[in-house]
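# Architecture and fold: a report
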Amino acid sequence: MIGLISATAAGAAARDRLAAAWPDRTRVYDGPVQDAVRSAFAECGQLVCFLATGAVVRLIAPLLGDKTADPGVVCVDEGGRFAVSLVGGHAGGANDLAREVAAVLAAQPVVTTATDAVGLPGLDTLGFPAEGSVAAVSRALLDGEPVALRAESTWPLPALPLAAEGAYTVRLTDRAVEPAEREVLLRPPSLVVGVGASGGAPVDEVFDLVVGALRDAGLSPASVAELATVDAKAEEPGIVAAAARLGVPLVTYPAEELAAVTVPNPSDAPLAAVGTPSVAEAAALLRGGELLVPKRKSAPEDGRPAMATCAVVRRSARGRLAVVGLGPGARDLLTPRALAELRRASVLVGLDQYVDQIRDLLRPGTRVLESGLGAEEERARTAVAEARAGHAVALIGSGDAGVYAMASPALAEASDDIDVVGVPGVTAALAAGAVLGAPLGHDHVSISLSDLHTPWEVIERRVRAAAEADIVVTFYNPRSRGRDWQLPKALAILAGHREATTPVGVVRNASRPDESSRVTTLGEMDPAWVDMMTVVTVGNTATRNIAGRMVTPRGYRWQETASEGAE
């Protein structure tokens with residue numbers, strides 16, 4: 001929850017705008033400011049104070065304790081011009097909150113954390129628990145000193161300027177080791193603990209068993225990704241509470257799935273009780289991995305029978321592939337989600353001209369693998385291979401990556417051994433449609449006229465189907481130097497079903513600085529106006545040219561009403 005505090009009418013107005021934008025995330029604190037800040041500091045994970053920074057510093061100073069536990073605090077000035085990340089920039093999320101607040105209030109975010117200022121991710125913001133000399137190693141990175149990476153397994157990290165050797169170290173490990181003087185330990189979510197328990201097993205017995213198993217195996221509890229058990233134990237209080245103490249989710253599986261897992265220590269007891277010869281080992285091994293701790297039983301000090309079992313598995317690192325749509329080219333049509341994925345990636349794969357569009361947005365140290373036109377399959381294979389190697393990869397395409405772009409070849413190459421994230425983008429058809437007016441107001445279809453991957457016979461059949469169905473058509477890849485006959489052929493097919501006065505929109509480089517457009521008709525359309533940077537949209541029988549803009553009504557009743565009014 002985000003606590004909102006203000007002291008003046010102007011501050012309250014901005015506060016109320018934020019509260020209206022985030023009704024489920026915020027709580028307004030009224031009354032004397034000092035009391036409001038104290039209450040919000042104790043009750044909320046973050047604060048936004050519509051007060052002067054000096055006043056907030058004095059109010060929160062007596063309340064500050066540990067930066068890993070204190071809430072993040074953002075200040076917004078009286079004029080609503082700036083959202084300042086005051087304390088808890090990383091651990092408290094104040095840096096990101098300042099950016100979010102600024103976006104809502106049309107303000108300028110002010111973030112002074114050193115790593116953010118130069119585009120480096122903070123070592124304590126990588127999504128892995130961090131231990132050790134975070135400040136010292138971060139300072140070494142900022143100063144350009146060599147910082148070595150010691151990774152016992154490859155997990156997807158964002159771009160960091162790490163070296164093979166150095167006086168400072170970032171170590172990625174799930175082992176229970178203490179950090180050296182100039183070292184940061186990052187704990188990957190590599191361990192899965194399978195748990196079984198009799199009904200009524202005490203939480204202390206389950207928890208102590210798990211912690212003891214990890215300790216004896218030399219493993220860090222910070223790398224436990226989840227506890228796993230059988231569905232029948234999904235609400236077993238001792239297991240549920242043990243997962244909560246560890247701060248990890250509880251994952252459950254059907255007994256029949258666990259029964260199909262080969263384990264070293266099956267037993268008749270769980271088979272009779274819940275329908276599988278193994279719970280702890282099978283639940284830990286179900287998604288694969290190396291069994292580090294075979295099934296072990298709890299040992300109650302009072303001598304009663306054991307009521308809990310556990311097993312520990314180390315899963316292999318999973319790489320991450322984000323397929324990112326960059327939009328039609330304008331920077332303000334690049335979505336925030338796309339930008340976040342570009343900043344998260346340690347490897348970027350893309351067409352050279354698309355890479356040039358966003359190169360300045362990449363973090364220092366991002367490895368860029370670019371190639372020219374015609375190498376789509378090669379780029380897809382490269383991106384998947386880099387993800388399989390455990391990296392965080394962004395594969396970029398123009399518009400939406402799933403529309404005539406890189407998503408389909410990449411996903412055809414990928415399997416379930418990597419995590420795949422799709423990031424939608426604004427398509428060329430949508431960008432061109434916005435320039436033309438509202439040509440896509442009713443049913444519409446996009447058809448590529450390039451026969452490099454699709455036989456012309458198939459393309460022609462699709463154009464005829466769209467013509468007969470009276471659907472608005474947007475043509476991608478309409479004409480190039482080597483393909484100059486397909487567009488006239490496609491327009492002729494449409495002309496067999498639509499009047500010569502049917503509006504046609506031609507947009508070149510939609511949303512880019514050299515954008516150009518025109519609205520013409522099917523009878524007057526000249527294919528010579530068109531090249532590969534152009535999108536051509538042909539209206540249906542209801543589409544009209546109204547004040548120079550293409551408009552396809554949402555329903556034909558609208559068309560009839562307009563016609564009657566014109567008479």
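Here goes a summary of the coordinates provided.

Here is what the cut-offs are and how they apply
- Residues numbered from 1 in each chain as written.
- Predicted model: local features only at pLDDT ≥ 70, side-chain atom pairs only at ≥ 80, totals over all residues.
- Heavy atoms only, no water.
- Core = buried A, V, L, I, M, F, W, Y, C linked by side-chain atoms within 4.5 Å.
- Buried < 20%, exposed > 50% of the residue type's maximum accessible area, 1.4 Å probe, protein only.
- Helix = DSSP H or I, 4+ residues; strand = E, 2+ residues; numbered from the N terminus.
- Contact = heavy atoms within 4.5 Å.
- Phe/Tyr/Trp six-rings, centres within 6.5 Å; stacked < 30°, edge-to-face > 60°.
- Salt bridge = Lys/Arg side-chain N within 4 Å of Asp/Glu carboxyl O.
- Pairing = 2+ DSSP bridges.
- Axes fitted to C-alpha atoms, helices over the stretch in contact; angles between N-to-C directions.
- Arc of directions from axis to C-beta.
- Parallel < 35°, antiparallel > 145°, perpendicular 65-115°, else oblique.
- Left-handed = near helix turned anticlockwise from the far one by under 90°.
- Nonpolar A, V, L, I, M, F, W, Y, C, P; charged D, E, K, R; others polar.

### Some details on the nonpolar core
- With 23 residues, the main nonpolar core has Val193, Val195, Val210, Leu214, Leu227 and Val312 as its most contacted residues.
- Of all the elements in the fold, those that place two or more residues in this core are β11 (191–197), α7 (203–216), β12 (224–230), α8 (237–246) and β15 (308–314).
- No other element matches the six residues that α7 contributes to this core.
- The residues contacting Leu227, other than those within four sequence positions of it, are Val193, Val195, Ile239, Ala242, Ala243, Leu246, Val248, Pro249, Leu250 and Val251.
- Core analysis: the second largest hydrophobic core is formed by 21 residues, Ala490, Leu491, Met525 and Val530 among them.

### Quick word on the packing of aromatic side chains
- The final tally for this structure, using the stated rule, is two aromatic pairs.
- Aromatic side chains Tyr404 and Tyr476 sit 4.7 Å apart centroid to centroid with 50° between the ring planes, which places their arrangement in the tilted category. Here the residue Tyr404 occupies a position in the loop between β19 (392–397) and α15 (407–413), and Tyr476 occupies one in strand β23 (residues 472–476), the gap between them amounting to 72 residues.
- With relative accessibility at 43%, the residue Tyr404 sits in the partly exposed group.
- Centroid distance Trp456 to Trp485: 5.0 Å. Interplanar angle 70°. Geometry classified as edge-to-face. Residue Trp456 is found in helix α17 (residues 456–468), and its partner Trp485 is found in the loop between β23 and α18 (486–495); the two are separated by 29 residues along the sequence.
- For Trp485, a relative accessible area of 41% corresponds to the partly exposed category.

### Structural notes on the pattern of salt bridges
- For the structure on display, the rule yields 33 salt bridges.
- A salt bridge links Asp216 to Arg215, with the shortest nitrogen-to-oxygen separation between them at 3.7 Å. Across the pair, exposure class does not vary: Asp216 and Arg215 are exposed alike.
- The residue Arg388 makes a salt bridge to Asp417 at a minimum N-O spacing of 3.1 Å. Taken together, the residues Arg388 in helix α14 (residues 376–388) and Asp417 in the loop between α15 and β20 (419–423) connect sequence positions 29 residues apart.
- What makes Arg388 partly exposed here is its relative accessible area of 39%.
- Note on Asp417: relative accessible area 35%, which makes it partly exposed.

### Concerning the sheet that holds β12
- Spatially, five strands are ordered β13-β12-β11-β15-β14 in an open sheet, and the strand pairing comes out mixed. Each having just a single partner strand, β13 (250–253) and β14 (290–297) make up the two edges of the open sheet. The mean inter-strand angle of the sheet, taken between neighbouring strand axes irrespective of direction, is 25°.
- In the packing of α7 onto the sheet, the strands contacted are β11, β12, β14 and β15, and the crossing angle to β15 comes to about 35°.
- Most of the contacts of α8 go to β12, to which it runs at about 175°, and overall it touches β11, β12 and β13.

### Structural notes on helix α12 (residues 336–344)
- Three or more residues of α12 are buried, namely Ala338, Glu341 and Leu342. Viewed end-on, α12 has its buried residues packed into an arc of 100°, placing them on one side of the element. With respect to the buried face of α12, the exposed residues turned more than 90 degrees away are Pro336 and Arg337.
- Packed against the buried residues of α12 are β16 (320–325), β17 (347–351), α13 (352–358), β19 and β20.

### Some words on the packing of α7 against α8
- Packing of α7 against α8 brings their axes to within 8 Å, and their N-to-C directions diverge by 50°. Between α7 and α8, the crossing angle belongs to the class labelled oblique. Read as a crossing pair, α7 and α8 show a hand that is right-handed. Counted together, Val203, Asp204, Val206, Phe207, Val210 and Val211 of α7 and Gly238, Ile239, Ala241, Ala242, Arg245 and Leu246 of α8 form the full contact between these two elements.
- Considered class by class, the residues forming the contact of α7 with α8 number nine nonpolar, one polar and two charged.

Spatial relationships are all this shows, so hold off on functional conclusions.
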